[in-house]
Amino acid sequence: MDCSRLRTLVHRFCAGEENWVDSRTIYVGHREPPPGAEAYIPQRYPDNRIVSSKYTFWNFIPKNLFEQFRRIANFYFLIIFLVQLIIDTPTSPVTSGLPLFFVITVTAIKQGYEDWLRHKADNAMNQCPVHFIQHSKLVRKQSRKLRVGDIVMVKEDETFPCDLIFLSSNRADGTCHVTTASLDGESSHKTHYAVQDTKGFRTEEEIGGLQATIECEQPQPDLYKFVGRINIYSDLSDPVVRPLGSENLLLRGATLKNTEKIFGVAIYTGMETKMALNYQSKSQKRSAVEKSMNVFLIVYLCILVSKALVNTVLKYVWQSEPSRDEPWYNQKTQSERQRNLFLRAFTDFLAFMVLFNYIIPVSMYVTVEMQKFLGSYFITWDEDMFDAETGEGPLVNTSDLNEELGQVEYVFTDKTGTLTENNMEFKECCIEGHVYVPHVICNGQVLPDSSGIDMIDSSPSVSGREREELFFRALCLCHTVQVKDDDDVDGPRKSPDSGKSCVYISSSPDEVALVEGVQRLGFTFLRLKDNYMELLNRESDVERFELLEILSFDSVRRRMSVIVKSATGDIYLFCKGADSSIFPRVIEGKVEQIRARVERNAVEGLRTLCVAYKKLNPEEYEGVGKLLQAAKVALQDREKKLAEAYEQIERDLVLLGATAVEDRLQEKAADTIEALQKAGIKVWVLTGDKMETAAATCYACRLFRRSTQLLELTTKRLEEQSLHDVLFELSKTVLRHSGSLTRDPFSGLSTDGQDYGLIIDGAALSLVLKPREEGSSGNYRELFLEICRNCSAVLCCRMAPLQKAQIVKLIKFSKEHPITLAIGDGANDVSMILEAHVGIGVIGKEGRQAARNSDYAIPKFKHLKKMLLVHGHFYYIRIAELVQYFFYKNVCFIFPQFLYQFFCGFSQQTLYDTAYLTLYNITFTSLPILLYSLMEQHVSADALKRDPVLYRDIAKNALLRWRVFIYWTFLGVFDALVFFFGAYFMFENTTVTSNGQIMTTSTHMIFGNWTFGTLVFTVMVFTVTLKLALDTHYWTWVNHFVIWGSLLFYVVFSLLWGGVIWPFLSYQRMYYVFLHMLCSGPAWLAVLLLVTVGLLPDVLKKVLCRQLWPTATERIQNASVRCWDGIPGFTPLEPLHSLGHRSPGALAARTTRAVYRSQEYCVLAPGLALPHGCCHSSWRHGRRTSRPGTPV
Amino acid sequence: MTWSATARGAHQPDNTAFTQQRLPAWQPLLSASITLPLFFCAGLAFIGLGLGLYYSSNGIVELEHDYTGDAGSSNCSVCAAEGQGRAPPPPCSCAWYFSLHELFPGPVYLYYELSSFYQNNRRYGVSRDDAQLSGLPSALRQPANECAPYQRSATGLPIAPCGAIANSLFNDTFSLWHQHQPAGPYVEVPLDRAAIAWWTDYHVKFRNPPLVNGSLALAFRGTAPPPNWPRPVYELSADPNNTGFVNQDFVVWMRTAALPTFRKLYARIRQGDYSAGLPRGAYRVNISYNYPVRAFGGHKLLIFSNISWMGGKNPFLGIAYLVVGALCILVGFAMLVVYIRYQDQTDDDDDDE
């Protein structure tokens, strides 16, 4: 295995320059082209072996160790361990070596196991048999032996072994169907097309005789991009050149469906396939907690170094007197005396470092890692986030960010499919100003009777009728919808009238809705067969159109077109797209009426599309064909050339009409958004949709309220004013209010209900973000951010995918560095999901791309509420306590040791026995905090959900701020002082002694230094554990078990450790020390006293803070306790009653607010039994009045 | 379809209290109303305990005498001056006279105290070989390296017991004399030197090497005594049960002290007429002054003390309990004030929510 790696490396190296060539040339079937063909640069390609494993058997140990020690913490502990090995240090190397060994081994085993699984999977994949053509015969070989240029045969339901150019299939039309479920999760069947000139080759002989070369780009990871061309040589004529695009490319990992077999030629193999290139790991995201943990670590490292320095200096000052340096009872050896002073001092410094190194425990990393790993299971297990409808539960792709969910300040959400269900329903169409509504809709079911057209306006004229039919035909033809064959039962979408089965599949749900809608209006799209589109018209006649070209959809153009030839020979171009991209290209048609209707629909939250057409005469078509062909064949900049070609073709159109499709809000979307806003999170909606549609959705989901004053920063407005003026004007508006009014500092929501919503569109945004020519870039940016900060909600419409990421980046790197969360469901959200601190994918209809790239995936938008408010809050609280507690307990642990140096002549004498030093963090105090950090619920989950305000209590990393950190550290230092000096005064001056009553002779025993250390240690273990017990609010049996269990374990261990002469130890210093200490009355009393004193300040602080400055969380806790106590006058609904009591105005506003269109949107204000009139115009009215200058 | 059906089943989370984080739990809260009585109770209990401790500690009588022999302080100054700068110091004896006007209640313990003596120095503390002390013959011949420079004698013989701790064994000896009547004869008070070490140390941890031909001396043949010792280890005492490594004084010394000032038990007085304590009268302690402490600025003290149920004299614990108890009560009152004063306000706040 290593050999092959080496070989590839050598090849890479030797190939040298060839690898820089932008394109590769492939001989199909390894047949040399006829002489005189293009110059050919021989290139070497890797074989088809997939290597996803990281290690081999031989390099596992060195490579894994190297990787592990690259982590700074591990490296630190390794250094400490080595120092202990090399120099004479107070503690044995075992104390740090054992935990380090443990950690390294566990990690190595885990990684080794994972790699073994990968090896197994690789082998299975590399050895699976593949059919391919050799000398015109079918041969079976192992997949890994496949080479570039081989012709491969793939049968139905097999996956493609490498990236192939599709040569032919057994289907007459040279197509095949493919699912890419394992690549991007889209289970819909996609059609791929064989190369025109080879699609007729059916047999092995024919294929084997093919003589062709393929030129294509070098492999790149984009799954949807491919450019290349094929030169086919026949004996007689010049080579035929054909363009190759992604529609000709079959990707490794995809599965062949509905097609018996296909032939293809391998172009990218092994690690160069697009699938392999896509498996590169994502960049790791680090949570804010982890960052502050690292900062604290550095602080502790500084403390450690300064402690060691102080002690070293003091040691030499103290030793300057010879009787102290070398008293007669403790003389040095000759070699010790002769040591160089500086060397000695340096060794001493290192020894002190080793002595105090436990202040940064190895186990913290392990515990944090375990907490995150195990804790993420509670998210995946959560039943509330399980969607029974789809059978999907939440997925955790990264457990590193659990606590970041509790820190979110900005939520960037996609609209379609995230806020809305992405379940499109055809609502109406408007042809030349006449509105058609398919009325036979009952419970979402379409009745088979297709005659139902409800004419709202007056009946159309004869010419209107012609236009009407053209419009319907346009809708029937201008799309990329496929009809799923009858025998496919596993389709997700099945038409209800199964008698005449027409299951439409498309990557865009809008298109499906349109085709289904037009079916209800009388025109049924039957299928696309042999480049002919068949449709059934109102008279049940089959019409056939030849499909000439498809100008496919892209998000920049925001439209698509088809060019078809009717049976009568007329050539039409049908174009459908967003109104903004259609209207400028229209030269004829009732633009005004349609525009009015489109805007009306958009305001109602419907997704609108405009349809236009153009009739081409044959000459024009020829020109178009050439234009397209030229662009398609281009190897360089094909995208750009295509876009230019499309631009030229799609103009001078005749407007036919518009459609409106409804996308319903997801259930509880409004409730969720409201909760998030209450939690102090700013919600931004980023959408590619039109402004009006998006704004309507925002109203419906309560992102904007009736009282929200909308600010606009749109292209429309920028046409009137310069960007500069608009920005300044907006900021003035916003700041005037923020200056004069009392504002809630957390959310920027003003308390009197005067809040702002900003609407910005993509074009305006790119203007804002564009660096200014004068070089003073960032100026507008700052102004824009300032405006955004003061707005409670921001809507960004007309966003390209990359712009979404730009927005996220902009906020992420603004001066407060807020924590951002992006949530989306589609491929267009991936960039923003990757960009944000936390990326959440909605497992939606548009495939699993978003879910795969996200950190967490949830089935529905509403689950975000529990994810953030409950899980995020819990995990933040848990990890914050975990981190602080770890530092605290290690201060308690090490600080007495530091103090002891002042009493032992700075001789690096340890206070505790080696076993205690080693096991303190590993066993005595590890489990309680781990279990705490998994189980703690300071407030019940229901309360957190009910009261989103609680989320603000932990905003801005509240529990890991410097103030809190310093409090914990000082608590640790205080406790350490108490432990040490408590024990010191017990031992100083007089004799803490044991009566030794349990022994046969009644005697009076004097304790030595090990008893001293053991007393300090015992007090410490008890204090530290009880401190955690004080912090625990949620005592399940597990907590009881681990807290009392670990105390018991400490006692039992100590008895055992001291009860036996351990033959493997060279010293027996702990022999009976613990038991003798227990025999001493004063020791018991001292433990009791010191533990009490150690805990007292914390108890005091807790009680006083709770009483004097209670946080919202503590109030809820108090309330729940009172509720328990049965104090009358409190019910869980009290806050609501009091809310109503306090602000009747707000209540009134609430009842009349945005209750939109249908019953689903009526979100009942909790606890209010008022009847909700679905007054769907009220908010619009309100909006009009509040923003008089803007046309609606 | 069947496949996806099972997969769906597998996806469905288990609905247990554990996985749903709904385990039944006790949710205590540190509120003022709970902690207030706790503080008062704890305060009262602590004060009670503190008073008891304080009085029992106060009831302990201690009599101490610094016999280091700083110039002019006592008659040991002669010995101290004589021993100055000479190693080993010449044998010298001095005495300490004191008189008791009332009974010193028993049982009385005699301690010696050293100060500025760093038994807890790391290099000193590790300079011993527990294997050797447990009587392992191989360790007797091969002392641990930690013992250096007291590992082998100048002639290369292994030192037994090796190490700095053993080498610096405290070798002053005391005897107590009582004069019943003024001008009467001094009668020696019997000092019980047995059972002053930990029982486990004396009986388990420290063992002599197996006897050779019934002789301990032969067992130690081929070893050298520590350089500062005038006699080999098997001649520490005439009593065969108290010699070699299991000598009580030696075992006591080998338990290194925690702090640079420490006491070690020398003897108990509990025999004969003195079982009830030291009766009134004049006393003399004969000190054989051997141990040099002035070289490192240390002091040597002799202490007579009795003990109570809680051990030796320890005013700290009693005072600490009193202070903490008082603090608890004080804090309790402060909290009560806060509680009463701010209770209403909190309620108001709650209403405002």
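All figures in this text were calculated on a predicted structure; none of them were measured in a lab. (Residues numbered from 1 in each chain as written. Chains lettered and ligands numbered in written order. Predicted model: local features only at pLDDT ≥ 70, side-chain atom pairs only at ≥ 80, totals over all residues. Heavy atoms only, no water.)

### Section: helix α11 (residues 341-356) of chain A
It helps to recall that an α-helix has 3.6 residues per turn; residues three or four apart then point in one direction.
Residue and element names in this part refer to chain A.
Then comes step 1: Over its 16 residues, α11 runs 22 Å from end to end, which matches the ideal 22 Å to within 8%, given 1.5 Å per residue.
Then comes step 2: Packing partners of the buried residues in α11 comprise α3 (72-86), α8 (288-319), α10 (334-338) and α28 (863-901).
Then comes step 3: The residue sitting at the N-terminus of α11 and contributing the capping side-chain oxygen is Asn340; that oxygen lies 2.6 Å from the backbone nitrogen of Phe342. (Helix = DSSP H or I, 4+ residues; strand = E, 2+ residues; numbered from the N terminus. Expected span 1.5 Å × (residues − 1). Contact = heavy atoms within 4.5 Å. Polar contact = N/O pair within 3.5 Å; in protein donor to acceptor, adjacent residues only side chain to side chain.)

### Section: the side chain of Gln151 of chain B
All names here are of chain B.
Then comes step 1: Its location among the elements puts Gln151 in the loop between α6 (137-141) and α7 (164-167).
Then comes step 2: On the basis of relative accessibility, which here comes to 15%, the residue Gln151 falls in the buried class.
Then comes step 3: Within the local environment of Gln151, its side chain forms a polar contact with the backbone oxygen of Pro143, the two atoms lying 2.9 Å apart.
Then comes step 4: A polar side-chain atom of Gln151 sits 3.5 Å from the main-chain carbonyl oxygen of Ala144.
Then comes step 5: With residues near it in sequence (within four places) discarded, Gln151 still touches Pro143, Ala144, Asn145, Leu157, Pro158, Ile159 and Cys162. (Buried < 20%, exposed > 50% of the residue type's maximum accessible area, 1.4 Å probe, protein only.)

### Quick notes on the nonpolar core
Then comes step 1: Of all hydrophobic cores here, the largest spans 198 residues; its most connected members are Phe1017 of chain A together with Phe174, Leu176, Phe250, Trp253, Leu278 and Phe304 of chain B.
Then comes step 2: The biggest single contributor to this core is α28 of chain A, with 18 residues.
Then comes step 3: Apart from residues no more than four positions distant in its own chain, Phe174 of chain B is found in contact with Tyr67, Leu110, Tyr112, Leu191, Tyr266, Val285, Asn286, Ile287 and Leu302 of chain B.
Then comes step 4: Of all hydrophobic cores here, the second largest spans 56 residues; its members include Ala675, Phe704, Leu821 and Met935 of chain A. (Core = buried A, V, L, I, M, F, W, Y, C linked by side-chain atoms within 4.5 Å.)

### Observations concerning the confidence of the model for chain A
Residue and element names in this part refer to chain A.
Then comes step 1: Chain-level statistics for chain A give a pLDDT mean of 79 and a share of 82% at 70 or above.
Then comes step 2: Here residues 12-20 is modelled with pLDDT under 50, and outside its nearest four sequence neighbours on either side it reaches seven contacts, counting other chains as well.
Then comes step 3: Across residues 440-458 the pLDDT falls below 50, and counting only partners more than four positions away or on other chains, this stretch makes 36 contacts in the model. (pLDDT = per-residue confidence, 0-100.)

### Details of the sheet that holds strand β8 (residues 212-217) of chain A
Residues and elements named next belong to chain A.
Then comes step 1: Spatially, the four strands line up as an open sheet ordered β1-β8-β9-β10, and their pairing is antiparallel. In the strand order of this sheet, the two ends are held by β1 (23-27) and β10 (240-244), each with one partner. Across this sheet, the average inter-strand angle for adjacent strands is 20°, counted without regard to direction.
Then comes step 2: Pairing of β8 with strand β9 (residues 228-232) involves five bridges; the strand directions are antiparallel. Each residue of the ladder has a partner; that of Thr213, found in β9, is Asn231. (Pairing = 2+ DSSP bridges. Axes fitted to C-alpha atoms, helices over the stretch in contact; angles between N-to-C directions.)

### As for the packing of α8 of chain A against α11 of chain A
The geometry of a pair of packed helices is captured by two quantities: the angle between their axes and the separation between those axes.
Residue and element names in this part refer to chain A.
Then comes step 1: Contact geometry for α8 and α11: axes closest at 9 Å, N-to-C directions at 135°. It follows from the interaxial angle that α8 and α11 lie oblique. For the pair α8 and α11, the sense of crossing is right-handed. Contact residues: α8 offers Leu304, Val305, Lys307, Ala308, Leu309, Asn311, Thr312, Lys315 and Tyr316, while α11 offers Leu341, Arg344, Ala345, Asp348, Phe349, Phe352, Met353 and Phe356.
Then comes step 2: Along the lines of polarity and charge, the residues of the contact of α8 with α11 split into eleven nonpolar, two polar and four charged. (Parallel < 35°, antiparallel > 145°, perpendicular 65-115°, else oblique. Left-handed = near helix turned anticlockwise from the far one by under 90°. Nonpolar A, V, L, I, M, F, W, Y, C, P; charged D, E, K, R; others polar.)

### A short note on the interface of chain B and chain A
Then comes step 1: Opposite the 95 residues of chain B that make contact, chain A presents 105 residues.
Then comes step 2: Buried area between chain B and chain A, both sides added, is near 8,900 Å², and the carbon and sulfur share of it is 60%.
Then comes step 3: When residues in the side of chain B that touches chain A are grouped by element, the largest group, 18 residues, is from helix α11 (residues 315-352) of chain B.
Then comes step 4: Taken together, the residues that form the side of chain B that touches chain A break down as 53 nonpolar, 22 polar and 20 charged. (Buried area = accessible area lost by both parts, 1.4 Å probe.)

### Structural notes on the domain arrangement of chain B
Then comes step 1: According to the domain assignment, chain B contains domain 1 (36-60 + 313-342) and domain 2 (63-306).
Then comes step 2: The distance between the C-alpha centroids of domain 1 of chain B and domain 2 of chain B comes to 41 Å. (Domains from an automatic or database assignment.)

### Focus: the packing of aromatic side chains
Then comes step 1: Summed over all chains, the structure comprises 104 aromatic pairs over all chains.
Then comes step 2: For the ring pair Phe412 of chain A and Trp684 of chain A, a centre distance of 5.3 Å and an interplane angle of 70° mean the geometry is edge-to-face. Residue Phe412 of chain A is located in strand β15 (residues 410-414), and its partner Trp684 of chain A is located in strand β31 (residues 682-686); the two are separated by 272 residues in the primary sequence. For the pair shown, Phe412 of chain A and Trp684 of chain A are each scored as buried.
Then comes step 3: Here the basic side chain of Arg193 of chain B rests over the ring of Tyr266 of chain B, its NZ or CZ set 3.7 Å away from the ring centre. (Phe/Tyr/Trp six-rings, centres within 6.5 Å; stacked < 30°, edge-to-face > 60°. Lys NZ or Arg CZ within 6 Å of the ring centre and 35° of its normal.)

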